[in-house]
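# Topology and contacts: notes
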Amino acid sequence: MKIRLSSKEEKKFCLLDGFENYMTLSSASPENGEGLIYKNQVLAADFCVLENKEGYRRLVSRFEGDECLLEPGFFTVNFSGGRQSLVCSLLQNALYFNCKNFDKSSASLVLLPSIDLAKKLDKGQAFAASSQAEISKPLASELLQLTKVFGKKAAHARIISFEKPSEIYISLEHSPSGAGKAAAKLLKQGAFKIHCQKIQEELKKSSLKIQDSLFQEALDWAKFSSLQFLNKNKTKALWAGLPWFRDYWGRDIFVSVPGSLLLSGNIKEAQELFENFAAFQDTNPRSVTYGRLPNIYRGSGDVIYNTADTSLLFVRELLECARFSGDKKFLARLWPNVRLALECDRNLRTDSAGFLLHGDADTWMDARIFGEKSFCPRGNRANDIQALWFTALLCGSEIARLLGKKDEEEIWKEEAAKVKNSFLGKFFDGQKIADCVLRDDAADFRVRPNQLFLVTIPKITGQKFIPQEVEEKAARNAVSELLFPYGLCSLSQKDLYFHPYHKTWEAYHEDAAYHNGAIWTWNGGSAIEALCSIGEQDLAWRFAQNLASQLFEGPCAGSLSANLWAYPDQDGGLKFSGAYSSCRSTAEFFRAPWQAFLGMQVDLLENKISFCPRLPSQWKDGSGEILLGLENDLRLEISWSAEGQNHEREFSFKVGGTRLEKVKAPEISISFADKEECLNVQNGSGAARGSVYFSSQKGLDFAKPLCQEKDWEKPECLKQKNFLAEIALRQEFNPGHPSSLTAIRN
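So, a few notes on the structure that sits alongside this text. A quick note: this is a predicted structure, and the numbers were derived from the prediction, not measured.

### Considering helix α16 (residues 537-553)
- When the terminal C-alpha atoms of α16 are compared, their 24 Å separation across 17 residues agrees well with the 24 Å that a helix rising 1.5 Å per residue should span.
- Most of α16 sits out of view: 12 of its 17 residues are buried.

Right, here's the structure in full:
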């Protein structure tokens, strides 16, 4: 896993320590690197080398180095034809360097710290090295060189010289005395080596091996990148992304949990996350958001509940987490939160048909103008919210069954049936699914990606929210209009309100495009899964391969951005926007092969693991391994190979681990195109052979950007400045229909 970064190509790369610190640098220019950041404070802007040549010290920046190699958890810059190299890593609350082949006669390290960190270094605090080191300020001539390259970032530069090649630990502890002790302890422990060992252990907890080296490497990077966002400081949770969203967004967290934590083998961390998050539930009966779990929390005094879906995702993922762990006690501890969330929604926010009501901007499409009027109002019944409501009710009912809560089990099951039975009559016209039903019962048939969630979100329940034939129509309608080879648009390009460009566009505010055209990379997971569900896994695979290339060609090496412009630039290049590194984008990319192509569902509460494979034609042979259980005490291995014709595959399974000393091996079932087999793996292994289902329908393919056609007519937003903003302010997104601003029953 190495990514070569060229100084000729602008690309960010980032490291996170899991304790509020992160470092983002640019491969090509100092201006585009943020440096080492704690909260919003720059601790160190960058670093470089001073080479000694014939008595003259010459600045050599990273951008002049021979190459920069990024690996999980660190990067290496090679200088002087490979004679010298500099390894840099961000450990827990510490910055690490390994200056190989450096000494006073050859080269020195130059750090560009903040004034506070510079003062600590001057006093010998916060610093420990494996050989004798000297810290000094640059000479006037040297500072001039530094300023020419780094500008004001070089104001407090410090030169670190060594008698011989050296490892350096710079503690980021705030206390000067504590920082010095911490640095010395890290040096003595050999903390960098331990850091690298832990990363390799994490990467081995789950792996998929297929016959596509680029995709294989992309999967490994996605797993590592999404796991980097796990913050272990005080409240364990997942950051949403960089450089913004360094706080806790409920929706992002629970979308990310399966790919970032469960499928990466970090199940215990996932449980801690749920228990920490549950503490911020709104328990005030007088509150308009009573019972909800937060959309955002930054601490006990800064919590926002302005979303309808976080509570529903919480319940869904709570059950999935328990199924991965097999820990029923975990469900019992969080039962009060589940009950409060579902009962408040059921009693306070549903209509007579069983639909969950919500405000215009209470879904994931939540952009507002001036923080008030919605840029894409979807109140008061969005289709994805109803699918989530159905799913959360059934998940809650299952949790109630497991805990012996008979009343809630039956009530929520009946409520789920009620919303399911009501759905098609309000949302389906025989050919298309409405994106939402408005406050006055009018259906909004704009084509958005949300209809794919009707196919994917309920899968955890084992029940369909809409019939198979309607799933087919929804998936095909969405894909044919929204899915470009590089991403899924948030609104059809045929729509009046479509905005093809996102940030840095002069004709409108970026939030106008946020959910009205801009691509959200995390939606790629649902697109892949929905395509697999209808037997279009070859198209899903082509799309997944394109996403894989974005991990290396996108704005941040080894990660995926939050957004892309709907249309390429004039040269046909992709335009990335939003957070340059997004947790849920990478997590969903990593999840898709396991839960879409392999169709794996884990339920250790019932001691069962099921597979409904939708392997692409190109997946002739492959294998996977994953650790399950709260203590990673169950190891599951799967392999497959092509056999015969008509997409036949031979699947083999092996199970092992200390869990089998306490309980019997799980039942493994696998669903083929024409049969289902249950395997007895009590002796540790089992095998099954069958045909993978493929759709017999033809013709589904990627949509094509209309801007590539000769007679393309620019959308209204490019003709009239702030076109949609004026409409939104007048609340005329749906002319003649009332808005739904409130979070409760209208």
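### Description of the nonpolar core
- Counting residues in hydrophobic clusters, the biggest one holds 220 residues, and the most contacted among them are Phe75, Phe97, Phe314, Ile528, Phe589 and Phe611.
- At 12 residues, the largest contribution of residues to this core is made by helix α10 (residues 383-403).
- Each residue touching phenylalanine 97, except ones within four places of it in the same chain, is listed here: Phe47, Leu86, Val87, Cys88, Leu109, Leu111, Ser166, Glu167, Ile168 and Ile170.
- Grouped together as the second largest cluster of nonpolar side chains are 12 residues, Cys48, Leu112, Ala154 and Ile159 included.

### Quick notes on the layout of surface pockets
- In this structure, the largest pocket spans a volume of roughly 1000 Å³.
- What lines the largest pocket is a set of 44 residues, and nearest its centre among them are Lys459, Gly462, Gln463, Gln601 and Ser610.
- The computed volume of the second largest pocket comes to approximately 770 Å³.
- At the level of secondary structure, the elements contributing two or more residues to the lining of the second largest pocket comprise β2 (12-16), β9 (84-91), α3 (176-189), α4 (191-204) and α5 (213-228).
- Looking at which element gives the most residues to the lining of the second largest pocket, the answer is α4, with seven residues.

### Describing the sheet that holds strand β27 (residues 443-444)
- One open sheet holds the three strands; their spatial order is β25-β26-β27, and the pairing between them is antiparallel. Taken across any chain shown, the strands that pair with only one partner, and hence form the sheet edges, are β25 (381-382) and β27.

### Brief notes about the environment of aspartate 440
- Take aspartate 440: it is sitting in the loop between β26 (436-437) and β27.
- Aspartate 440 sits in the partly exposed class, given a relative accessible area of 34%.
- In sequence terms aspartate 440 and serine 225 are 215 residues apart; their C-alpha atoms lie 44 Å from each other.
- Once residues within four sequence positions are removed from consideration, aspartate 440 is found in contact with Gly736, His737 and Pro738.
- Reaching out from aspartate 440, the side chain makes a polar contact with the backbone nitrogen of alanine 442 at a distance of 3.2 Å.
- Here the side chain of aspartate 440 touches histidine 737 through a polar contact of 2.6 Å, side chain to side chain.

### Describing the sheet that holds strand β7 (residues 67-71)
- Taken together, seven strands build an open sheet; the order of strands is β1-β7-β8-β9-β10-β15-β12 and the sheet is antiparallel. For this open sheet the edge positions go to β1 (3-5) and β12 (127-129), each flanked by a neighbour on one side alone. Each strand axis lies, on average, 20 degrees off the axis of its neighbour in the sheet, ignoring direction.
- The pairing of β9 with strand β10 (residues 94-100) spans seven bridges and is classified as antiparallel. Looking at β10, one finds that leucine 91 is bridged to alanine 94.

### Some words on helix α9 (residues 328-348)
- Here α9 contains 21 residues, and its C-alpha end-to-end distance of 29 Å stays within 8% of the 30 Å for a straight helix at 1.5 Å per residue.
- At leucine 334, α9 shows its maximal kink, close to 55 degrees; a proline, proline 336, follows between one and four residues later.
- At its buried positions, α9 is contacted by α7 (267-278), α8 (310-325), α10 and α11 (406-427).
- For α9, the N-terminal capping position is held by aspartate 327, with its side-chain oxygen 3.1 Å away from the main-chain nitrogen of lysine 329.

### Things to note about the packing of α10 against α11
- The N-to-C vectors of α10 and α11 enclose an angle of 160 degrees; their axes lie 8 Å apart at closest approach. In terms of orientation, α10 lies roughly antiparallel with respect to α11. Crossing hand, α10 versus α11: left-handed. Between α10 and α11, the residues in contact are Asn383, Gln386, Trp389, Phe390, Leu393, Leu394, Gly396, Ser397, Ala400 and Arg401 and Glu408, Glu409, Trp412, Lys413, Glu415, Ala416, Val419, Lys420, Phe423 and Phe427, respectively.

What counts as what
Residues numbered from 1 in each chain as written. Predicted model: local features only at pLDDT ≥ 70, side-chain atom pairs only at ≥ 80, totals over all residues. Heavy atoms only, no water. Helix = DSSP H or I, 4+ residues; strand = E, 2+ residues; numbered from the N terminus. Expected span 1.5 Å × (residues − 1). Buried < 20%, exposed > 50% of the residue type's maximum accessible area, 1.4 Å probe, protein only. Core = buried A, V, L, I, M, F, W, Y, C linked by side-chain atoms within 4.5 Å. Contact = heavy atoms within 4.5 Å. 1 Å grid on protein atoms, 1.4 Å probe; cavity = no way out; pocket = protein on both sides within 12 Å on 5 of 7 lines; lining within 4 Å. Points joined across faces, edges and corners; volume = space filled by probe spheres on them. Pairing = 2+ DSSP bridges. Polar contact = N/O pair within 3.5 Å; in protein donor to acceptor, adjacent residues only side chain to side chain. Axes fitted to C-alpha atoms, helices over the stretch in contact; angles between N-to-C directions. Bend = angle between axes of the 7 residues up to and from the residue. Parallel < 35°, antiparallel > 145°, perpendicular 65-115°, else oblique. Left-handed = near helix turned anticlockwise from the far one by under 90°.

By themselves, these are just geometric observations and shouldn't be taken as functional.
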